[in-house]
Amino acid sequence: MEGYIIEISNLYTSFFIDTQVIPVINDLNLRIKKGKVLGLIGESGSGKTMTALSILRLVPSPGKIISGRVCFEGKDLLSLTNREMESIRGNRIGMIFQEPMTALNPVIRVGEQISETLITHKGLSKKEVREISLELLKKVGFEDPGKRYIQYPHQLSGGQRQRVLIAIAISCNPSLLIADEPTTALDVATEAQILSLLKELIETQNMSMLFITHNLNIMKRFGDHIGIMYAGRLLEMAPVVDFFNEPLHPYSKGLIDSIFTLRPNEKRLKVIPGFVPRLSELPEGCKFHPRCNYAMDICKKDEPPMQDLGNERWIRCYLF
Ligand code: SF4
């Protein structure tokens, strides 16, 4: 559809372990507007990373995408050949992962690692690639790109390595950047620098972004839209401002309460009672019902569908 860089419809991904089928993504529908950031929030095991891996068709074995559509730049990524998909990964879709040390090859110089992506996808000459790589290093904030170009990853700090990964991710001018917890391994000051760099790049390079995090505070400052995941489902999706002004889903309200409200007469942060269920032992009906203060009889029997409430708000809950 016009105006969206990616649209995921009815996506199902499962893991097949022995005789068990464990659904990790269930009926996922989400879309990202061109030039905007969608923050995907959820506790660990909620399906955020599996969403990213499903988009990239990198779900590890014994996992498998079962059905659905992932429309990106007019193509359904799930129907492409492996070769066609390889030409999109790292080229039209850039990726940044959580741990910069493991994402970089420790025995290859930084400059060569940036060049590699450009050679693979753009077929440029070595000289052209060196110049572009130096420019990219400058763009991500290195004042001495020549020196960094010949260094190895272990000679850089965590924040510097993440900048190198961002340089690689944007090297082919992708239209979508997927960042999975890109600042989790960094200290607070470095995190702020990396976030402002990403924000600047999105604005200047005309990119869209899927930003995966468990940190609502980051999304409040950084995102345009927010999606809340729980047990492999999207429970709510909304523009960030509307979401923080008026979260609708009981789980969203609980999440916001747990981080933002510490009233004068309360000594402890509120936490949502109960635990995130195991994906292999999900309850019937609404997967949040054992923890929900508003649960009704129907919630224990039937799973609520995702509903479009208008004004870019979607919700999966019988209260609406
Ligand atoms: Fe609570 Fe029912 Fe809504 Fe689930 S569907 S969040 S149990 S009210």
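A quick note: this is a predicted structure, and the numbers were derived from the prediction, not measured.

Assigned secondary structure in the protein chain consists of 12 helices and 12 strands. Here the protein chain has a C-alpha radius of gyration of 21 Å; the compact-globule value for 320 residues is 20 Å, and the two agree. Based on the C-alpha atoms only, the size of the protein chain along its principal axes is roughly 65 × 50 × 40 Å. Pairs at least 24 residues apart make up 63% of the contacts formed inside the protein chain by residues separated by at least 6 positions. Here the protein chain has roughly 15600 Å² of accessible surface; of this, 50% comes from carbon and sulfur atoms. With 39 positive and 36 negative side-chain charges, the protein chain shows a spacing of 2 Å between the two charge centroids.

Our next topic: the side chain of K48. Tracing the backbone through its elements, the reader meets K48 in helix α1 (residues 48-56). Aside from chain neighbours lying at most four places away, what touches K48 is L40, I41, G42, E43, E181, I212, T213, H214 and M229.

Spatially, β6-β7-β8-β3-β9-β10-β12-β11 is the arrangement adopted by the 8 strands of the open sheet, whose pairing is mixed. If you trace the sheet from one side to the other, it starts and ends with β6 (93-96) and β11 (307-310), each paired once. Across the sheet, the axes of successive neighbouring strands diverge by a mean angle of 20°, strand direction being ignored. As defined by bridge partners, strand β9 (residues 225-230) adjoins strand β10 (residues 233-239) across 6 bridges and the pair is classed as antiparallel. Across the sheet, Y230 pairs through a bridge with R233, a residue of β10. The strands touched by α1 are β3 (37-41), β6, β7 (176-180), β8 (208-213) and β9; relative to β8, the strand with the most contacts, the crossing angle is about 145°. With respect to the sheet, helix α8 (residues 188-205) is in contact with β3, β6, β7 and β8, its orientation differing from that of β8 by roughly 155°.

Where burial is concerned, most of β9 is hidden: 6 out of the 6 residues are buried. Residue alternation in β9 divides its side chains into two sets, H225, G227 and M229 and I226, I228 and Y230, and both sets are buried. What sits between β9 and β10 in their antiparallel hairpin is a turn of 2 residues, with A231 showing a positive phi close to 50°.

The next thing to look at is the domain arrangement of the protein chain. The domain architecture assigned to the protein chain consists of domain 1 (4-92 + 172-315) and domain 2 (105-171). Just the C-alpha atoms count here: the centres of domain 1 and domain 2 sit 30 Å apart. Contacts between domain 1 and domain 2 engage 19 residues on the former and 14 residues on the latter. Interface area for domain 1 against domain 2, summed over the two sides, is near 1300 Å², with a carbon-plus-sulfur share of 63%. Counting across the domain 1 and domain 2 interface gives 0 salt bridges. For the side of domain 1 that touches domain 2, the elements supplying multiple residues, two or more each, are α2 (82-88) and α8.

Close contact between helix α4 (residues 110-122) and helix α5 (residues 126-139) brings their axes to 9 Å; oriented N to C, the two are set at 115°. Our pair here, α4 against α5, has a crossing hand that is right-handed. Two secondary-structure elements touch here, α4 through V110, G111, I114, S115, L118 and I119 and α5 through V129, I132, S133, L136 and L137. Broken down by class, the residue content of the contact of α4 with α5 amounts to 8 nonpolar, 3 polar and no charged.

For the ligand, the set of nearby residues contains 13 residues, the closest of which are C286, C292, C299, C317 and Y318. For the shell around the ligand, a count of residues per class yields 11 nonpolar, 2 polar and no charged.

The subject of this paragraph is unusual backbone geometry. Among all residues save glycine, negative phi is the norm, and among peptide bonds the norm is trans. A cis geometry characterises the amide bond from S61 onward to P62, with omega recorded as 10°. Mapped onto the elements, P62 comes out in the loop between α1 and β4 (63-72). Positive phi outside glycine occurs at D18, with the angle close to 50°. Topologically, D18 is positioned in the loop between β1 (4-17) and β2 (20-33). D18 sits in the exposed class, given a relative accessible area of 77%. Here N311, not a glycine, exhibits a phi torsion of approximately 50°, which is positive.

Scoring rules and cut-offs
Residues numbered from 1 in each chain as written. Predicted model: local features only at pLDDT ≥ 70, side-chain atom pairs only at ≥ 80, totals over all residues. Heavy atoms only, no water. Helix = DSSP H or I, 4+ residues; strand = E, 2+ residues; numbered from the N terminus. Rg over C-alpha atoms; globule rule 2.2 N^0.38 Å. Contact = heavy atoms within 4.5 Å. Areas by Shrake-Rupley, 256 points an atom, 1.4 Å probe, with all protein chains shown as cover. Lys, Arg positive; Asp, Glu negative; His and termini not counted. Charge placed at Lys NZ, Arg CZ, Asp CG, Glu CD. Pairing = 2+ DSSP bridges. Axes fitted to C-alpha atoms, helices over the stretch in contact; angles between N-to-C directions. Buried < 20%, exposed > 50% of the residue type's maximum accessible area, 1.4 Å probe, protein only. Domains from an automatic or database assignment. Buried area = accessible area lost by both parts, 1.4 Å probe. Salt bridge = Lys/Arg side-chain N within 4 Å of Asp/Glu carboxyl O. Left-handed = near helix turned anticlockwise from the far one by under 90°. Nonpolar A, V, L, I, M, F, W, Y, C, P; charged D, E, K, R; others polar. Near = heavy atom within 4 Å.

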